[in-house]
Amino acid sequence: MAGNKTRTGQCVSCGECCRVLRITAILDNALRQHGNIEELKKYYSYRGIRVAGADKKTNRLFLETNVTCDKLTPENKCSAHGDHEKMPLICQKYPWFKDNIATCGYRFE
Ligand code: SF4
Ligand code: SF4
């Protein structure tokens, strides 16, 4: 994740950010539980959870899984929160860093 860059562009309603759930875990706790990163990846992969990255410096482990938000309509609109201000905060802020979603209409320069 890279921050501190100027965001340009706009949401083009590709819906991809509403189809993946991301969770940040504590890296050393997870490694203690699983023994090492390969064991951890194997165990999570059986449940469709991917390791998107790990940051030893900040002790964070980035996990992703494909879980589509049940508020996403077939037209890639947010059914529960048509009003942007009423969306969950994290949805309002997204993306605040350069992400790996190729179809996203936002860019960071
Ligand atoms: S609440 Fe709306 S904007 Fe947020 S993930 Fe769900 S569909 Fe997307
Ligand atoms: S990934 Fe980007 S363009 Fe696609 S719905 Fe999310 S914010 Fe909008």
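Residues numbered from 1 in each chain as written. Chains lettered and ligands numbered in written order. Predicted model: local features only at pLDDT ≥ 70, side-chain atom pairs only at ≥ 80, totals over all residues. Heavy atoms only, no water.

## Notes on the overall build of the chain
The test is simple: The helix and strand labels rest on DSSP assignments: H or I over at least four residues marks a helix, E over at least two residues marks a strand, and numbering proceeds from the N terminus. Categorising residues by exposure relies on relative accessible area from a 1.4 Å probe, with only protein chains included: less than 20% of the type maximum marks a residue as buried, more than 50% marks it as exposed, and the intermediate range marks it as partly exposed. Residue contacts are defined here by distance: any two heavy atoms, one from each residue, within 4.5 Å place the two residues in contact. Each accessible area value is a Shrake-Rupley result obtained with a 1.4 Å probe; residue values ignore everything except the protein chains displayed when judging cover. Positive charge is attributed to Lys and Arg, negative charge to Asp and Glu, and no charge count is given to His or to the chain ends. Here the site of a charge means NZ on Lys, CZ on Arg, CG on Asp, or CD on Glu.
Within the chain, the secondary structure is distributed over three helices and five strands. Each principal axis of the C-alpha atoms in the chain carries an extent, and together these give about 45 × 30 × 25 Å. Relative to its full complement of 109 residues, the chain shows a buried share of 20%. Taking the contacts inside the chain whose residues are at least 6 apart along the sequence as the reference set, 61% of them involve residues at least 24 apart. Summing over all exposed atoms, the chain offers an accessible surface of approximately 7900 Å²; the carbon and sulfur share of this is 53%. Averaging the positions of the 18 positive and the 12 negative side-chain charges in the chain gives two centres separated by 3 Å.

## Some points on the site of ligand 2
Where we set the bar: Neighbouring residues are identified by heavy atoms, a residue being near a molecule or strand if any of them is within 4 Å of it. Here the term cavity refers to a set of points on a 1 Å grid, laid over the protein atoms alone, in which a 1.4 Å probe fits but cannot get out; the term pocket refers to an open set having protein on both sides within 12 Å along at least five of seven lines, with lining residues being those that place an atom within 4 Å of a point. For a cavity or pocket, the test is whether more than half of a molecule's atoms lie within 2 Å of its grid points; if they do, the molecule sits there. Three categories are distinguished: nonpolar for Ala, Val, Leu, Ile, Met, Phe, Trp, Tyr, Cys and Pro, charged for Asp, Glu, Lys and Arg, and polar for the others, with Gly belonging to the last.
Every residue close to ligand 2 is listed here: Cys11, Val12, Cys14, Gly15, Cys17, Tyr94, Ile101, Cys104, Gly105 and Tyr106. Applying the majority rule of atoms within 2 Å of the grid points places ligand 2 in the largest pocket. A breakdown of the residues in the shell around ligand 2 according to their chemical character gives eight nonpolar, two polar and no charged.

## So, the site of ligand 1
Around ligand 1 sit Cys18, Cys69, Lys71, Leu72, Cys78, His81, Pro88 and Cys91, and that is every residue in its neighbourhood. A majority-of-atoms criterion places ligand 1 in the largest pocket. Split into classes, the residues belonging to the shell around ligand 1 amount to six nonpolar, one polar and one charged.

## Here's the deal with the packing of helix H1 (residues 27–34) against helix H2 (residues 37–45)
Convention followed: To obtain each axis, a line is fitted to C-alpha atoms, and for helices this fit is confined to the stretch in contact; angles are then taken between N-to-C directions over 0 to 180 degrees. The labels follow the angle: roughly parallel below 35 degrees, roughly antiparallel above 145, roughly perpendicular from 65 to 115, and oblique for the rest.
Contact pair H1 / H2: the axes reach a minimum separation of 8 Å and the direction vectors enclose 85 degrees. Taken together, the axes of H1 and H2 lie roughly perpendicular to each other. Contact with H1, carried on its side by Ala30, Leu31 and His34, involves Ile37, Glu39, Leu40, Tyr43 and Tyr44 of H2 and no other residues of that element. Residue composition of the contact of H1 with H2, by class: six nonpolar, one polar and one charged.

## A short note on H1
Formally: Summarising the geometry, the arc corresponds to the directions from the helix axis toward the C-beta atoms.
Taken together, the buried positions of H1 are occupied by Leu27, Ala30 and His34. Along the axis of H1, the buried positions cluster into a sector of 70 degrees, meaning they face one direction only. Opposite the buried face of H1, at more than 90 degrees from it, the exposed residues are Arg32 and Gln33. Residues of H1 that are buried make contact with strand E2 (20–26), H2, strand E3 (49–55) and strand E4 (60–66). Remark: Gly35 follows H1 within two positions and exhibits a positive phi of approximately 95 degrees.

## Description of the nonpolar core
Threshold: As used in this record, nonpolar core signifies buried Ala, Val, Leu, Ile, Met, Phe, Trp, Tyr and Cys residues forming a set joined through side-chain atoms within 4.5 Å.
Counting residues in each nonpolar core, the largest one holds six residues, listed as Leu27, Ala30, Leu40, Tyr44, Leu61 and Leu63. Within the residue set of this core, elements represented by two or more residues are H1, H2 and E4. Those residues within four positions of Tyr44 in sequence are excluded, and the remaining contacts are His34, Ile49, Val51 and Leu63. Counting five residues, the second-largest nonpolar core is a separate cluster that includes Phe97, Ile101, Cys104 and Tyr106.

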